[in-house]
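An overview of the molecular structure
So the chains spell out like this:
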Amino acid sequence: MTNIRPEIKTIVFFISYFVLALLGEKASPSGVCTPGLGFLLFLLAIPISIIYSLIRFFKYHKTENKQYLNSVFIISGIWVLLFIFLSFNNS
């Protein structure tokens, strides 16, 4: 697993994480006053993304490997796409 590029690891991690959050929402749906498993996983994705980005950014400065910086851009792009999807979904 160490021979896989960091960008691919990032994409696979976040796709599997958000699929897990969607499955968690289907298994334990959110109510009016009670958040479900999917909602809690979605909220937990914010600090996970920040920590993951910081780790990749520090690895980039340590090794000067451009792949780690690309991972940070991918994480930012995922959040932008998610924001656009959710804003159009509410309309």
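In the block above lies the structure referred to throughout.
1. Comments concerning the nonpolar core
One finds Phe-14, Tyr-17, Phe-18, Ala-21, Leu-41, Ala-45, Tyr-52, Ile-75 and Leu-82 forming the largest nonpolar core, which totals nine residues. Within the residue set of this core, elements represented by two or more residues are α1 (6-27), α2 (37-63) and α3 (66-90). Looking at which element gives the most residues to this core, the answer is α1, with four residues. Excluding residues within four positions of it along the chain, Phe-18 makes contact with Phe-42, Ala-45, Ile-78, Trp-79 and Leu-82.

2. Points about the packing of aromatic side chains
One pass over the full model with this rule turns up nine aromatic pairs. Arranged with centres 5.7 Å apart and planes meeting at 20°, the rings of Phe-13 and Tyr-52 form a pair that is stacked. Here Phe-13 is found in helix α1, whereas its partner Tyr-52 is found in helix α2, with 39 residues between them in sequence. On the accessibility criterion, Phe-13 (30% relative accessible area) is partly exposed. Judged by centre distance (5.9 Å) and plane angle (55°), the rings of Phe-42 and Trp-79 are tilted. In this pair, Phe-42 is assigned in helix α2 and Trp-79 in helix α3, connecting sequence segments 37 residues apart. According to the relative accessible area criterion, Trp-79 is partly exposed, its value standing at 22%. Counting every residue linked through ring pairs, the aromatic cluster contains Phe-13, Phe-14, Tyr-17, Phe-18, Phe-42, Tyr-52 and Trp-79.

3. Observations regarding unusual backbone geometry
It is generally the case that most residues other than glycine have a negative phi and that most peptide bonds are trans. For Glu-64, which is not a glycine, the phi torsion comes out positive at approximately 60°. Of note, Glu-64 is situated in the loop between α2 and α3. Residue class for Glu-64 comes out exposed when judged on its relative accessible area of 54%.

What counts, and at which threshold
- Residues numbered from 1 in each chain as written.
- Predicted model: local features only at pLDDT ≥ 70, side-chain atom pairs only at ≥ 80, totals over all residues.
- Heavy atoms only, no water.
- Core = buried A, V, L, I, M, F, W, Y, C linked by side-chain atoms within 4.5 Å.
- Buried < 20%, exposed > 50% of the residue type's maximum accessible area, 1.4 Å probe, protein only.
- Helix = DSSP H or I, 4+ residues; strand = E, 2+ residues; numbered from the N terminus.
- Contact = heavy atoms within 4.5 Å.
- Phe/Tyr/Trp six-rings, centres within 6.5 Å; stacked < 30°, edge-to-face > 60°.

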